[in-house]
Amino acid sequence: MAPASTARAAAAAAATLLSVAIFSYYFHCKTTQQKSSRRKKRRNGVIAAIGNTPLIRISSLSDATGCEILGKAEFLNPGGSVKDRVAVKIIEEALESGALAEGGVVTEGSAGSTAISLATVAPAYGCRCHVVIPDDAALEKAQILEALGATVERVRPVSITHRDHFVNIARRRALEASELTSTCRKEKKINANDSSQINGHSISEEKQNMKLASECKGGFFADQFENLANFRSHYEGTGPEIWEQTGGKLDAFIAAAGTGGTVAGVSQFLKDKNSNIKCFLIDPPGSGLYNKVTRGVMYTREEAEGRRLKNPFDTITEGIGINRLTENFKMAKLDGAFRGTDMEAVEMSRYLLKNDGLFIGSSSAMNCVGAVRVAKALGPGHTIVTILCDSGMRHLSKFHNAEYLSEHGLTPSAAGLEFLGLN
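Residues numbered from 1 in each chain as written. Predicted model: local features only at pLDDT ≥ 70, side-chain atom pairs only at ≥ 80, totals over all residues. Heavy atoms only, no water.

J.: If you had to explain helix 4 (residues 83-97) to someone new, which residues and values would you point to?
T.: Here helix 4 spans 21 Å end to end across 15 residues, near enough to the 21 Å set by a 1.5 Å rise per residue. Summarising burial for helix 4: 11 of the 15 residues are buried, a large majority. For helix 4, every residue scored as buried is listed here: Lys83, Asp84, Arg85, Val86, Ala87, Val88, Lys89, Ile90, Ile91, Glu92 and Ala94. In the segment just after helix 4, glycine 98 is the residue with positive phi, at about 90°. (Helix = DSSP H or I, 4+ residues; strand = E, 2+ residues; numbered from the N terminus. Expected span 1.5 Å × (residues − 1). Buried < 20%, exposed > 50% of the residue type's maximum accessible area, 1.4 Å probe, protein only.)

J.: If you had to explain the pattern of salt bridges to someone new, which residues and values would you point to?
T.: With the rule as written, the count across this model stands at 18 salt bridges. Its salt-bridge partner being glutamate 318, residue lysine 141 comes within 2.6 Å of it at the nearest N-O pair. Of this pair, lysine 141 sits in helix 6 (residues 139-147) while glutamate 318 sits in the loop between helix 12 (289-295) and strand 9 (336-339), and the two are 177 residues apart along the sequence. Residue class for lysine 141 comes out buried when judged on its relative accessible area of 2%. Residue glutamate 318 is classed as buried on the basis of its relative accessible area, which comes to 10%. Ionic pairing is found between aspartate 272 and lysine 333, a salt bridge with its closest N-O pair at 3.2 Å. Of this pair, aspartate 272 sits in helix 11 (residues 261-273) while lysine 333 sits in the loop between helix 12 and strand 9, and the two are 61 residues apart along the sequence. Residue lysine 333 is classed as partly exposed on the basis of its relative accessible area of 35%. Ionic contacts of the salt-bridge type, sharing partners, join the residues Lys72, Glu74, Arg85 and Glu241 into one network. (Salt bridge = Lys/Arg side-chain N within 4 Å of Asp/Glu carboxyl O.)

J.: So what's going on with the pairing of strand 4 (residues 128-134)? Residues and values would help.
T.: With six of seven residues buried, strand 4 is to be regarded as a mostly interior element. Examined bridge by bridge, strand 3 (residues 105-109) and strand 4 share five bridges and lie parallel to one another. Paired with glycine 109 across the two strands is valine 132, which belongs to strand 4. Following the chain from strand 3 across helix 5 (residues 113-121) to the adjacent parallel strand 4, one finds a crossover that is right-handed. Bridging between strand 4 and strand 5 (residues 151-155) involves five bridges; their strand directions are parallel. Bridge pairing links histidine 130 to threonine 151 in strand 5. Taken together, strand 4, helix 6 and strand 5 constitute a β-α-β crossover, and its handedness is right-handed. (Pairing = 2+ DSSP bridges. Right-handed = clockwise from strand over helix to strand, strands pointing away.)

J.: Describe the packing of aromatic side chains, listing the residues and the values that go with them.
T.: Going through the model one piece at a time under the given rule, you end up with three aromatic pairs. With a centroid separation of 5.5 Å and 80° between ring planes, the pair formed by tyrosine 235 and phenylalanine 269 is classed as edge-to-face. A residue pair is termed long-range when its members are at least 10 positions apart, and tyrosine 235 in helix 10 (residues 229-245) and phenylalanine 269 in helix 11 qualify at 34 residues. Chaining the aromatic ring pairs together yields one cluster made of Phe231, Tyr235 and Phe269. It is arginine 350 that lies over the ring of phenylalanine 399; its NZ or CZ is 5.5 Å from the centre. (Phe/Tyr/Trp six-rings, centres within 6.5 Å; stacked < 30°, edge-to-face > 60°. Lys NZ or Arg CZ within 6 Å of the ring centre and 35° of its normal.)

J.: Kindly report on the sheet that holds strand 6 (residues 219-221), identifying the contributing residues and their values.
T.: Reading across the sheet, the four strands line up as 5-4-3-6 and stay open at both edges, with parallel pairing between neighbours. The sheet terminates laterally at strand 5 and strand 6, the two strands that pair on one side only. Pairwise comparison of adjacent strand axes, ignoring direction, gives a mean angle of 20° for this sheet. Relative to the sheet, helix 6 contacts strand 4 and strand 5, its axis offset from that of strand 5 by approximately 155°. (Axes fitted to C-alpha atoms, helices over the stretch in contact; angles between N-to-C directions. Contact = heavy atoms within 4.5 Å.)

J.: Describe in detail the environment of lysine 72, supporting the description with residues and values.
T.: You can see lysine 72 is positioned in strand 2 (residues 68-73). Between the alpha carbons of lysine 72 and asparagine 52 there is a distance of 9.4 Å; along the sequence they are 20 residues apart. Setting aside its immediate chain neighbours within four residues, lysine 72 contacts Asn52, Thr53, Pro54, Leu55, Arg85, Thr238, Glu241, Ile242, Gln245, Thr386, Ile387 and Leu388.

J.: I'd like to hear about the nonpolar core, residue by residue, with values.
T.: Of all hydrophobic cores here, the largest spans 37 residues; its most connected members are Leu61, Met348 and Leu352. Sorting the residues of this core by element identifies strand 7 (252-255), strand 8 (278-283), helix 13 (342-356), helix 14 (362-378), strand 10 (383-388) and helix 15 (402-407) as the ones contributing at least two each. Ranked by the residues each element gives to this core, the list is headed by helix 14, at eight residues. Contact partners of methionine 348, with chain neighbours within four places excluded, come to Leu61, Ala365, Cys368, Val369, Val372, Leu417, Phe419 and Leu420. With 35 residues, the next largest nonpolar core counts Val155, Ile169, Leu250 and Phe253 among its residues. (Core = buried A, V, L, I, M, F, W, Y, C linked by side-chain atoms within 4.5 Å.)

Okay, here's the thing in structure tokens:
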């Protein structure tokens, strides 16, 4: 009888284990479905339309170089730029961590695109937006921000080491919002214990203002330069999309850097997939990143930001070029760098408009200059990808303004690509 008893015990144990396994599997699936449902719920409306932008062949440049030059059309995002991805990632991570509460205000210091993206997506998360921008940024960017309902604060351009640099002011605004919320909560507790309030007596004007301010749920500084959510948005989104859209068959990637998030996220993802893919930086006038990548030195002592108030070189490209290493840029995996000029960017933008119908902004034009440089360096037969960050619509008062360009000696005159050494 012992063997039968043992068999029954073993069968019972097996049944128990099977029940536990089924329950665990069911619980896991249910939890996964709930998480997926939450993500799906969060990623609806305008947020769901961000990303998965087309990778288009830039025919004129491809034909001229003998390479396949492809541009990721990020200007087709709802907010009009590549920064939509960053805005979503920053806000979602902040909400999930508790650093930002629904109803809170997101602050940022930006030359335009990130600010516009934050102002576009923040309402979808029940948040508000306060933006600090340099007053030499294109006027239409401030107008767009105000139309989107953001609070816009324009300040003079100064060094990042100065307390009144637009990024540093944005950081303070977030702190002030949080401090104000804390004060309001304390005030509400006092008022709740105040018999005059209970009996309906009027309160002071100061308390009335506090009551109105208490609608704010604190502030959160987006910190696009140092917040690695920026890098992650491209490592998890833009990079994989490029890989899938090319079927993994690409030879090089190139982009300029402002915060460094795009070039870092995409380059690291592509290198992780295939270390033979070459990744490059294109750097505008006044930026020290070219020297850092090619020589290991960020800038000369005379150019150090702590010794000056403004970039010593004027450049009409907005949102790219910097003289410090950001946490995002540190994540980049680069094989080299190229320099680009304002004149080349202007000529490129006009060339692409005339030959491809592409109406692009200054950083997109600089990226295309870089793509041609890479094509010339690698030779015909290679596939090169770059980023078309935004359209020319945000650059009407400067980059696409004939009078402004004339004043700065940047009137385009090229008939073809001779400005890059191509006939």
